[in-house]
Amino acid sequence: MTEFLQLVVVGLSTGSAFALVGMSLVLVYRTTGIVNFAQGVFVVIGGLFTFRLSDDLPLALASLVSILVAAFLASILAVIAVGFRGRTTSLASTLITLGAAFLAQALLLLEFGDIPRSYPGISDHAWNIQGVLVQPQYVLIAGVALLSAIALTLFLRWTIVGQALVACSDSRRAAELVGLNIRSLAVVAFIGAGALCALGGSLLAPSNPMTYSADVAITVNGFAAAVFGGLGSIRLALLGGYALGILEQFVVGYVDPQYSLIIALIVMLVLIGWRSRAEIASASHDAHAAIQRARVPWPAPVRIGLILAGAVFACWLPYQLSTFDVALYDRMGLYALVTIGLTLLMGYAGQISLGQGAFFLIGAYTSAILTVGIDPDTRFVDPEAGIPPVLAVLAAPVVAAVLAAVIGVPLLRLHGHYLAFATLALALIAFSVLSAWDRFTGGQYGITVTKPLTVFGHDLRGPLHAAVVWAVVAIALLLATNLVHSRVGRALQAIATDEASAAASGIPVASYKLRLFIFAAALAGLGGGLFTFTFLIVSPEAFPVVLSIEFVVMVAVGGLGNIYGAVLGAVAILYLEQKLRDLGTRPELFGLDLPDAAPTVFSFGVFGLILIAIMLFFPRGLLPAVGDATAGVVERTRSRWVRSDAF
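Rules of the game
- Every chain's residues receive numbers from 1 upward, in the order its sequence appears when written.
- For a predicted model such as this one, the threshold for reporting local features is a pLDDT of at least 70, and the threshold for listing and counting side-chain atom pairs is 80 or more; totals across whole chains, interfaces and linings nevertheless cover every residue.
- Remark: hydrogens and water are excluded; side-chain values derive from all non-hydrogen atoms of the structure.
- Counting from the N terminus, the helices are DSSP H or I runs at least four residues long and the strands are E runs at least two residues long.
- Residue exposure (1.4 Å probe, protein chains only): buried if accessible area is under 20% of the type maximum, exposed if over 50%, otherwise partly exposed.
- Whether two residues are in contact is decided by their heavy atoms: any pair within 4.5 Å suffices.
- Shrake-Rupley sampling with a 1.4 Å probe provides the accessible areas, and residues are treated as covered by the protein chains on show and by no other component.
- What a helix should span is 1.5 Å times the count of its residues minus one.
- The predictor's confidence in any single residue is recorded as pLDDT, a number from 0 to 100.
- Residues enter a patch when their relative accessible area is above 30% and they make no salt bridge; the linking distance is 9 Å between like charges and 5 Å between nonpolar side chains (Val, Leu, Ile, Met, Phe, Trp, Tyr).
- A side-chain nitrogen of Lys or Arg and a carboxyl oxygen of Asp or Glu constitute a salt bridge if their distance falls within 4 Å.
- Two N or O atoms form a polar contact when they lie within 3.5 Å of each other; inside protein one atom must be a possible hydrogen donor and the other a possible acceptor, and for residues adjacent in sequence the pair counts only when both atoms belong to side chains.
- Geometry of aromatic contacts follows a simple scheme: Phe, Tyr and Trp rings, the Trp one being its six-membered ring, pair when their centres are within 6.5 Å, and the pair is stacked under 30 degrees between planes, edge-to-face over 60, tilted otherwise.
- Note on geometry: axes are lines fitted to C-alpha atoms, helical ones only across the stretch in contact, with angles between N-to-C directions running from 0 to 180 degrees.
- Reported orientations rely on four angle classes, namely roughly parallel under 35 degrees, roughly antiparallel over 145, roughly perpendicular from 65 to 115, and oblique for the rest.
- Throughout, a crossing is termed right-handed when the near helix is turned clockwise from the far one, and left-handed when it is turned anticlockwise from it by less than a right angle.
- Residue type decides the class: Asp, Glu, Lys and Arg count as charged, Ala, Val, Leu, Ile, Met, Phe, Trp, Tyr, Cys and Pro as nonpolar, and the leftover types, Gly among them, as polar.

## Quick look at the overall build of the protein
So, point 1. In terms of helices and strands, the protein carries 26 helices and 8 strands.
So, point 2. A burial count over the protein gives 52% of its 647 residues as buried.
So, point 3. Contacts in the protein between residues at least 24 apart in sequence constitute 79% of all its contacts with a sequence separation of at least 6.
So, point 4. Accessible surface computed for the protein: about 28,200 Å², of which carbon and sulfur atoms make up 68%.

## Focus: helix H23 (residues 547-558)
So, point 1. A rise of 1.5 Å per residue sets the reference length of H23, with its 12 residues, at 16 Å; its end C-alpha atoms lie 17 Å apart and thus fit the reference within 8%.
So, point 2. Where burial is concerned, most of H23 is hidden: 12 out of the 12 residues are buried.
So, point 3. Of the residues making up H23, those classed as buried are Leu547, Ser548, Ile549, Glu550, Phe551, Val552, Val553, Met554, Val555, Ala556, Val557 and Gly558.
So, point 4. Trailing H23 by a residue or two, glycine 559 shows a phi angle of about 130 degrees, which is positive.

## Description of unusual backbone geometry
So, point 1. Phi at leucine 536 takes a positive value of approximately 60 degrees, unusual for a residue other than glycine.
So, point 2. Mapped onto the elements, leucine 536 comes out in the loop between helix H22 (509-535) and strand S6 (537-538).
So, point 3. Residue leucine 536 is classed as partly exposed on the basis of its relative accessible area, which comes to 23%.

## A look at the confidence of the model for the protein
So, point 1. Here the protein shows a mean pLDDT of 81. Residues at 70 or above account for 85%.
So, point 2. Confidence drops under a pLDDT of 50 for residues 278-295, and excluding neighbours within four residues, the segment shows 30 contacts in the predicted structure.

## Topic: the environment of valine 488
So, point 1. Relative to the helices and strands, valine 488 resides in helix H20 (residues 487-497).
So, point 2. As a C-alpha pair, valine 488 and isoleucine 507 span 19 residues in sequence and 9.6 Å in three-dimensional space.
So, point 3. Setting aside anything within four residues of it in sequence, one finds valine 488 in contact with Leu483 and Tyr512.

## Overview of helix H1 (residues 2-32)
So, point 1. Over its 31 residues, H1 runs 45 Å from end to end, which matches the ideal 45 Å to within 8%, given 1.5 Å per residue.
So, point 2. When you tally the buried positions in H1, you get 23 out of 31 residues, the bulk of the element.
So, point 3. Trailing H1 by a residue or two, glycine 33 shows a phi angle of about 75 degrees, which is positive.

## Considerations on a nonpolar patch on the surface
So, point 1. Judged by side-chain polarity, Met1, Phe4, Leu5, Tyr254 and Val255 come together as a nonpolar surface patch covering roughly 530 Å² of accessible area.
So, point 2. Position of tyrosine 254 among the secondary structure elements: in helix H10 (residues 234-254).

## Some words on the environment of isoleucine 563
So, point 1. As for its position among the elements, isoleucine 563 is in helix H24 (residues 563-584).
So, point 2. The buried category is assigned to isoleucine 563, whose relative accessible area is 5%.

## Details of the side chain of asparagine 562
So, point 1. With respect to the helices and strands, the residue asparagine 562 is situated in the loop between H23 and H24.
So, point 2. Of the residues examined, asparagine 562 reaches a relative accessible area of 6% and is grouped as buried.

## Thoughts on the side chain of serine 233
So, point 1. Tracing the sequence through the fold places serine 233 in the loop between helix H9 (215-228) and H10.
So, point 2. Within the structure, serine 233 has its side chain in polar contact with the backbone nitrogen of arginine 235 (distance 3.5 Å).

## Topic: the packing of aromatic side chains
So, point 1. Tallied over the full model, the rule gives 14 aromatic pairs.
So, point 2. On the basis of an interplanar angle of 55 degrees and a centroid distance of 6.0 Å, the ring pair of tyrosine 365 and phenylalanine 543 is categorised as tilted. Of this pair, tyrosine 365 sits in helix H15 (residues 356-372) while phenylalanine 543 sits in the loop between S6 and H23, and the two are 178 residues apart along the sequence.
So, point 3. Residue classification places phenylalanine 543 among the buried positions, given a relative accessible area of 2%.
So, point 4. Measuring from centroid to centroid gives 5.5 Å for phenylalanine 531 and phenylalanine 543, while their planes differ by 65 degrees, and the two rings are edge-to-face. Residue phenylalanine 531 is located in helix H22, and its partner phenylalanine 543 is located in the loop between S6 and H23; the two are separated by 12 residues in the primary sequence.
So, point 5. One aromatic cluster in this structure is built from Tyr335, Phe360, Tyr365, Phe531, Phe535, Phe543 and Phe551.

## A short note on the packing of H1 against helix H5 (residues 136-158)
So, point 1. Contact pair H1 / H5: the axes reach a minimum separation of 8 Å and the direction vectors enclose 25 degrees. One way to sum up the angle between H1 and H5 is to call them roughly parallel. When the axes of H1 and H5 are compared, the crossing they make is left-handed. Along the contact surface, H1 presents Val9, Val10, Ser13, Ser16, Ala17, Leu20, Met23, Leu27 and Arg30, while H5 presents Tyr138, Ile141, Ala142, Ala145, Ser148, Ala149, Leu152 and Leu156.
So, point 2. Here the contact of H1 with H5 is composed, by residue class, of 13 nonpolar, 3 polar and 1 charged.

The following block contains the structure:
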């Protein structure tokens, strides 16, 4: 019983930190409709700035200054994230916060380095209550979380500003009509959320040292707590944080620490599924508008001819590139396979998936394990272990599709942010399995493949492998465009416009969404299977947690629902990341010496800035923006001809 109570005490303290982030996410989402992926950054700012200031100021004052800094930065983020009225979509605003998180990580790395930072808590003495050790810092953060929940609830219910924030959450359009300033209220919500997270960070750092990249895990856990209440309830976000913290500690104490995240996420998924069972999905108007812009009224022969011509060029190009550029070009094609499926899933089924990286990972490890042998004991002693690489690559999309079919039935009953968290949890679970099942996956060292991918006597390596990958991309484009312009495509458009009306008209909504989910997973699995034979090694560092979010960024940058834009987004993002990383490897730039962390700073910070700019000025993506501009030029030219003919 003592061990049980000890785990509950520790779980409540960590769960309180998750709850603070969850409540701040709820506050921002209820007011603006934006899921702020930069929320964890304010926790890190609170911890790191308190650490820096605590040498010169009393701890309480250092914490207060850190909170004020976070509040000020949150106000700037609010103005940028809300964007231009009537132009910026919810997805674009959410990605702007993601870009801000990347930028903040880079700046924090420059200022504080990558060493975990901590400082003493309010007391080193622990209270022994019948064998249960209770740290004063635990009590403080738990008390702050509880009081914050009460204060936020009273603020929203009894103050004029709070009631205005609630009015925005009920109907932002109606709030605008009665004269409420949405942008000002968004700033208020962001400031409150940022200050709340910074407070949590300053209290958490003594027991959990902070690093520049700690915001990823903090944001994910806070998101889980917030989604437990549907991103709409302060009270349930508090309970969700408590539940997640206690669950993780129970798994650490009674099962195995390496399974703590896996089991906790699975239980949270069950609880969230139960919480969301009565909710009704809302129409994805942004997705519908994007689809209308993405439709290209070209005849089928012209469309197919252009794709085939592009395929010939794409297969010829790797033979003109250097060895290093061929590897990058190869990866562009592999990521394009994933984004083609994802843009269909997001644009036509209206399902925001943050878990496509999981299917990409599954495809890569499936092909690797089947090639070297399922039994780890025979991999190094039997060179003939495993199956031919071609069969292993073909098995990768099948395994991914089967898994998608199994989990898709319960998963696709969820909608909106529930589904977004569920798919993100899938990616986190898949990543955690790599460490938990290290005997089969090779753990942090991964799996090295010695057999080349051979087809008709030709080893697919270098330029030939890249050419084959882009040929597969062309086939995927043909399949996707054929799907979009078919009867099934029209049904999917109806689903994206209004799911309830589509179901009422006799369209099998669940069946179409499941089949599209399986198709997207199969493309991601195929990309992963081919990835194995690009570098002949698969390891966890090739599949970071943010990979799934990066795929969403590629789709949004190219244009939601735009199949060709998905390919453009994959190419543009990877090219940009690589060039920024190369820029950071220079010893100096513009006469200034670059720090050792410059490659990371450039690939995160400058990329974050560019992502913010793209989403701010081209919220529906680059390709739709080019199409709109071209259509505008054509229309103006036509108008001039009409006026000249009139005279």
